[in-house]
Every structure is written in C-alpha cells, then in structure tokens.
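Next come the chains, spelled out residue by residue.
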Amino acid sequence: VQLVESGGGLVQPGGSLRLSCTASGFTFSLSAMSWARQAPGKGLEWVSGIYGDGRTHYADSVKGRFTISRDNAKNTVYLQMNGLKPEDTAVYYCAIPSIVGGIMKTNEYEYWGQGTQVTVSS
C-alpha cells in the first residue's frame, strides 16, 4: 500500500489550495479515505473523510471551507481548501481508516501517506 500526497505550499490567508493523494496497492474504489492534519506542537486532528460510495464528512473546523472528493479512475482523493486561515497551518496526511474505527479515529488508521506541509501566512 502506498499513499502519496502533493499540493501543499505557502498561501496567504483567504487563499486556496488543493491537496491530492494518489493511492496504490489496494482496491481504492472500495476503501474509505481520510484526511488528517497535525499543527506544530499539537496532536493529530481528523479533517475529512469520504466513503467508497461518495458520502463525505467534515470536522466542524473546516466545514463549509474544505471539500473532499475522489476520482476512482485515478485512484486519487482530493482536498480542496478554500478560505484558508493561519490556524489551518499543519502537515496534512491522507490515510486509510480501519473498517472498525471508521473515518474519524486517527489512532486506528491502517496506512498513512508521508504528509504535505500547508502554511497559511501573510
């Protein structure tokens, strides 16, 4: 299993970024996928998740600003981030949640990508 994130960078407050996570080594279309983040000096925070059937869920902190989507033909999950705030600064990870734990339990995720840095600053 391999998860490779891309798309991070430096953006001004109010700006946008789109993160991508390309997956391999498993049946992507059948798997739920999650995004989580870790801000400097803080613990892991679940951000968003998407099931194989397309159902989506968001943490309250990003609801209305972030959009998760997937392209099963490309084995890729995306996180479109709009209206970015300085408090969104973090390393963002995509991950495969466990079937038992579900999309929100980061401590039960089965596989992780290497992470991509997002910095929101003027």
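Residues numbered from 1 in each chain as written. Predicted model: local features only at pLDDT ≥ 70, side-chain atom pairs only at ≥ 80, totals over all residues. Heavy atoms only, no water.

Draft legend 1. Broad picture of the environment of Thr116. Within the secondary structure, Thr116 is located in strand β11 (residues 116-120). For Thr116, a relative accessible area of 11% gives the class buried. In sequence terms Thr116 and Glu5 are 111 residues apart; their C-alpha atoms lie 6.1 Å from each other. When residues no more than four places from it in sequence are discounted, the contact partners of Thr116 are Glu5, Ser6, Gly7, Gly8, Leu19, Ala90, Val91 and Tyr92. From its side chain, Thr116 meets the backbone nitrogen of Gly8 in a polar contact 3.2 Å long. (Helix = DSSP H or I, 4+ residues; strand = E, 2+ residues; numbered from the N terminus. Buried < 20%, exposed > 50% of the residue type's maximum accessible area, 1.4 Å probe, protein only. Contact = heavy atoms within 4.5 Å. Polar contact = N/O pair within 3.5 Å; in protein donor to acceptor, adjacent residues only side chain to side chain.)

Draft legend 2. Region of interest: the state of the cysteines. If you walk through the whole model with that rule in mind, you get one disulfide. Here Cys21 connects covalently by a disulfide to Cys94, the sulfurs 1.9 Å from one another. With the S-S dihedral at roughly 45°, the linkage between Cys21 and Cys94 falls on the right-handed side. With Cys21 in strand β3 (residues 17-24) and Cys94 in strand β9 (residues 90-96), the pair connects residues that are 73 residues apart, well separated along the chain. (Disulfide = S-S within 2.5 Å.)

Draft legend 3. Geometry of unusual backbone geometry. Of note in the backbone geometry, Asn75 takes a positive phi value of approximately 55° without being a glycine. One can find Asn75 in the loop between β7 (66-71) and β8 (76-81).

Draft legend 4. Spotlight on the environment of Arg55. Note that Arg55 resides in the loop between β5 (44-50) and β6 (56-58). Separated by 23 residues in the primary sequence, Arg55 and Ala32 place their C-alpha atoms 9.3 Å from one another. Dropping the residues within four chain positions of it, Arg55 is found in contact with Gly49 and Ile50. In terms of polar contacts, Arg55 uses its side chain to reach the side chain of Asp53, at 2.8 Å.

Draft legend 5. Looking closely at the nonpolar core. In this structure, Met33, Trp35, Phe66, Val77, Leu79, Met81 and Tyr92 are the most contacted members of the largest nonpolar core, which totals 32 residues. The set of elements that each furnish at least two residues to this core consists of β3, β4 (33-38), β5, β7, β8, β9 and β11. With five residues, β9 is the single largest residue contributor to this core. (Core = buried A, V, L, I, M, F, W, Y, C linked by side-chain atoms within 4.5 Å.)

Draft legend 6. Quick peek at the pattern of salt bridges. Counted according to the given criterion, the structure contains five salt bridges. Measuring nitrogen to oxygen at the nearest pair gives 3.2 Å for the salt bridge that ties Lys63 to Asp60. Among the ionic pairs, Arg65 bridges to Asp88, the shortest N-O distance being 2.7 Å. Taken together, the residues Arg65 in the loop between β6 and β7 and Asp88 in the loop between β8 and β9 connect sequence positions 23 residues apart. (Salt bridge = Lys/Arg side-chain N within 4 Å of Asp/Glu carboxyl O.)

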